[in-house]
Every structure is written in structure tokens, then in C-alpha cells.
Amino acid sequence: MLRSVILAASRSPRIERLVETAPYTRDVVRRFVAGSGTDDALRATRALVADGLAVTLDNLGEDTVTAAQATATRDEYVRLLGLLRDAGLTPAAEVSVKLSALGQRFDEQLAYDSARAICAAAEEAGTTVTLDMEDHETTDSTLDTLARLRKDFPATGAVLQAYLRRTESDCRELAYAGSRVRLCKGAYKEPESVAYQSALEVDKSYVRCLNILMAGAGYPMLATHDPRLIAIGADRARWFDRDPDRFEFQMLYGIRPEEQTRLVGEGHTVRVYLPYGTDWYAYLMRRLAERPTNLAFFGRALVTKK
Ligand code: FDA
């Protein structure tokens, strides 16, 4: 219930204005976001890589409504990839891209062309791109774009969301050699017709999907902070003889950092999803929806006077 309210608020311009202008918002944002500029992103990437972590960078922004915005997003990714290469941070760092930030909702071809340009820049920089997955109305379009991109850039990563009823079947389709698949629970508000609603059903689906990916020939990327699912992932890795270069764990920046370090210490590959930029509102609201204690922390920030 609370999750639904927060996710609905994530699409409200009125609440967005309220949140953005609240006195201590910046402190909360800083916990989950590297900073507003490319320099902040590079600094945070350097620190994570020095600690033995891999990184995937997200230039914040989604639901772009103009071609100019979409092109600016593309250019920022291309620039970022060049800087990562020059700083010697590739291939440890790759990028995650939301097709809606590249214009998917109003011009699929524009989004595809822009994603292609980013994939080409990533290849040039010696690294990869993963396409984030957004609400279920975009799943087919995103997977179609992925298939087109993979013809020339086979290392392009997919994201599948365990809360969708279709995902087991998508995992089977994508568990082929060379296929990088990030499995997450799913962060959007989805109707019962397409998505499991209870946490238990989502977790069970995650395990079924994880089993398919770990048993398959692709490269599974287990994106979760859930201790039980992490333990099951590590168990399946042993069962299927998957060394640290044949699967990875992924977590969000600022969430369970001590667990990220622990897994690295055990010899696992761990990649941190690192968002940066000024357009952080929708991202932050999804993080708040995942955890009521974050909301309490944030609520205090909203009402506290500077
Ligand atoms: P769950 O939410 O059950 O959390 C398990 C435990 O982790 C909690 O008990 C808590 O300890 C900790 N935790 C989780 N979230 C927290 C938070 N916000 N603050 C503090 N602690 C928290 N989704 C999507 O729809 N499309 C996408 O493309 C992606 N991409 C993506 C990339 C990566 C690398 C990750 C890790 C996640 C995503 N997600 C995503 C988000 C994902 O779908 C999901 O919403 C979150 O990962 C939270 O789910 P968990 O699996 O962590 O479990």
C-alpha cells in the first residue's frame, strides 16, 4: 500500500517540486546518488574500483519528451565513456541506459539510434552497455531493441524483472552463450494481470529465474540486496561451477555497502549501480518505496528546517 503511494508520487510533478525544494533533501539524495556532474561520477567510480568493485554508471533521467533532451543524454553517455577510458576505468566501469531517456516513448527509432551510438562508444572504450528495464509497457520494445543492438554489439546487457509473470520465459530465451542478463525483482508499480504482487511470490519467481540463468550458458548478473537470494545465488554458483568471471552480483550505490565489500572479500565479482546527474527524483522515490525506514529518514529531512 505504502509502496504504491510512493510509486504514484514518483510521477507527480507537484510532489517532485515539494521534494526538490525541501531543506535537507540533498543529504538524502547524496546517500544514493554520486553527485550532479560527470566529475562526481568519475570520482565515485575511482573510489569503488579502488575497493575492488566493478561499476555500472547511470546518467539519471527518464521519460524524455523531446528529441533535444534525448540527444543530450546520448552525448553525455558518449562523453562519459571517453572519460572513463582516458581515466583507465574501463572495463571495470560500464554504463546502464534507460531507453525512455533516449526517446523510446515518442520515437523508438531515435532511441535505437542513440543506444547504438552509446554501444559504439562503449566498444571503443573497451566496455559494455546494459539496457535498464522500465515499466511493463516498454518490455517488448526494450527487448526488441536489445535484440537489434546485439547483432552488432553482442555484449549488450539485458535486465529482466522477476515480478513480471513473463520473466521465466524471457530468462529461457536469453540464457544463451555470451548473453549478459541482469536479474532484479522490479521497481515499478505493475498490475496483477502482468506482475506478482506479494513479496513471497516475487522472491519465488526470482529463484526460478536465477536457476534458469545460472544453469544456462549466458552471463547472469544477480542484482539484489536480499540476503536470502544472495545466499542462493552463491550456492548455485558452486553447484554450476561458476567462477567469479562467469557471473556477478550487483547492488545499488549506497545500499548495503558492507555486504558489497564482504562479497568482494569472498572472491566474488560485485558491480555497483552508480547513478549521477540532476534528474534524481524518480530514482530516489523508487528507492524510498523499497524500504519504509528510508522513508522515515526522508520524512525527517522534509520537515527539518535548515
Ligand atoms: P528487497 O527490496 O526485498 O530488499 C532486500 C533487502 O535489501 C532489504 O531488506 C534491505 O536490507 C535492503 N534494501 C533493499 N532496497 C533498499 C533500499 N532502497 N534502501 C535500503 N536498503 C535496501 N529495477 C527495475 O525495475 N529495472 C531495472 O533496470 C533495475 N536495475 C537495477 C540494477 C541493480 C544493479 C539493482 C541492484 C537493482 C535494480 N533495480 C531495477 C531495482 C530492483 O528491481 C529492486 O527494486 C531493488 O533492487 C530492491 O530489491 P532487492 O532485490 O534488493 O530486495
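Everything discussed here concerns the structure shown above.
What counts as what
Residues numbered from 1 in each chain as written. Predicted model: local features only at pLDDT ≥ 70, side-chain atom pairs only at ≥ 80, totals over all residues. Heavy atoms only, no water. Salt bridge = Lys/Arg side-chain N within 4 Å of Asp/Glu carboxyl O. Helix = DSSP H or I, 4+ residues; strand = E, 2+ residues; numbered from the N terminus. Buried < 20%, exposed > 50% of the residue type's maximum accessible area, 1.4 Å probe, protein only. Axes fitted to C-alpha atoms, helices over the stretch in contact; angles between N-to-C directions. Parallel < 35°, antiparallel > 145°, perpendicular 65-115°, else oblique. Contact = heavy atoms within 4.5 Å. Nonpolar A, V, L, I, M, F, W, Y, C, P; charged D, E, K, R; others polar. Pairing = 2+ DSSP bridges. Core = buried A, V, L, I, M, F, W, Y, C linked by side-chain atoms within 4.5 Å. 1 Å grid on protein atoms, 1.4 Å probe; cavity = no way out; pocket = protein on both sides within 12 Å on 5 of 7 lines; lining within 4 Å. Points joined across faces, edges and corners; volume = space filled by probe spheres on them. Polar contact = N/O pair within 3.5 Å; in protein donor to acceptor, adjacent residues only side chain to side chain. Patch = residues over 30% accessible without salt bridge, like charges linked within 9 Å, V, L, I, M, F, W, Y side chains within 5 Å. Areas by Shrake-Rupley, 256 points an atom, 1.4 Å probe, with all protein chains shown as cover. Lys, Arg positive; Asp, Glu negative; His and termini not counted. Charge placed at Lys NZ, Arg CZ, Asp CG, Glu CD.

A. Local environment of the pattern of salt bridges. Counting across every chain of the model gives 24 salt bridges. Salt-bridge contacts for Arg 116 lead to Asp 152; the nearest nitrogen and oxygen are separated by 2.8 Å. Of the two residues, Arg 116 sits in helix H6 (residues 108-124) while Asp 152 sits in helix H7 (residues 139-152), which places them 36 residues apart along the sequence. Residue Asp 152 is classed as partly exposed on the basis of its relative accessible area of 44%. The residue Glu 258 makes a salt bridge to Arg 256 at a minimum N-O spacing of 4.0 Å.

B. Structural detail: the packing of helix H8 (residues 167-174) against helix H9 (residues 199-215). For the pair H8 and H9, the least separation of the axes is 9 Å and the interaxial angle reads 5 degrees. Of the possible angle classes, the one that applies to H8 and H9 is roughly parallel. Along the contact surface, H8 presents Thr 167, Glu 168, Cys 171 and Arg 172, while H9 presents Arg 208, Cys 209, Ile 212 and Leu 213. Across the contact of H8 with H9, the residue classes break down as four nonpolar, one polar and three charged.

C. Local environment of the sheet that holds strand S5 (residues 180-184). Sheet architecture is open: eight strands sit in the order S3-S2-S1-S8-S7-S6-S5-S4, paired in parallel fashion. On the outer flanks of this sheet lie strand S3 (129-131) and strand S4 (158-161), each paired with one strand and no other. Recorded for the sheet is a direction-independent mean angle of 30 degrees between the axes of neighbouring strands. Taken together, the four bridges between strand S7 (residues 248-252) and strand S8 (residues 270-276) define a ladder with parallel strand orientation. Pairing of Phe 249 across the sheet is with Val 270, part of S8.

D. Up close: the nonpolar core. Leu 57 and Val 95 are the most contacted members of the largest nonpolar core, which has 64 residues in total. Among all residues touching Val 95, those that are not within four sequence positions of it are Thr 56, Leu 57, Tyr 77, Leu 80, Leu 81, Ile 118, Thr 128, Val 129 and Thr 130. Formed by 19 residues, the second largest nonpolar core is a distinct cluster that contains Leu 252, Trp 280, Leu 284 and Leu 288.

E. The layout of surface pockets, seen in detail. Taken as a whole, the second largest pocket spans an internal volume of roughly 550 Å³. Forming the boundary of the second largest pocket are 25 residues, of which Gly 61, Glu 62, Asp 63, Asp 279 and Ala 282 lie nearest the centre. Secondary-structure elements contributing two or more residues to the lining of the second largest pocket are helix H1 (2-9), helix H2 (13-21), helix H5 (67-86) and helix H12 (281-290). Ranked by the residues each element gives to the lining of the second largest pocket, the list is headed by H12, at three residues. The residue makeup of the lining of the second largest pocket, split by class, is nine nonpolar, eight polar and eight charged.

F. Main features of the environment of Gln 104. One can find Gln 104 in the loop between strand S2 (93-97) and H6. On the basis of relative accessible area, Gln 104 is assigned to the buried category, the value being 7%. Excluding its chain neighbours within four sequence positions, the residues that come into contact with Gln 104 are Leu 99, Ala 111, Glu 134, Thr 138, Ser 141 and Thr 142. Here the side chain of Gln 104 touches Thr 142 through a polar contact of 3.0 Å, side chain to side chain.

G. Spotlight on the side chain of Glu 190. Looking at where Glu 190 falls in the secondary structure, it is placed in the loop between S5 and H9. Sequence-distant contacts of Glu 190, defined by excluding residues within four places in its chain, comprise Asp 135, His 136, Tyr 163, Leu 164, Ala 195 and Gln 197.

H. Structural detail: H12. Counting buried residues in H12 gives nine out of ten residues, a clear majority hidden from the surface. Residues of H12 that are buried: Tyr 281, Ala 282, Tyr 283, Leu 284, Met 285, Arg 286, Arg 287, Leu 288 and Ala 289.

I. Spatial organisation of a negative patch on the surface. On the surface, Asp 107, Glu 108, Asp 113 and Asp 144 cluster together to form a negatively charged patch. Structurally, Asp 107 is set in the loop between S2 and H6.

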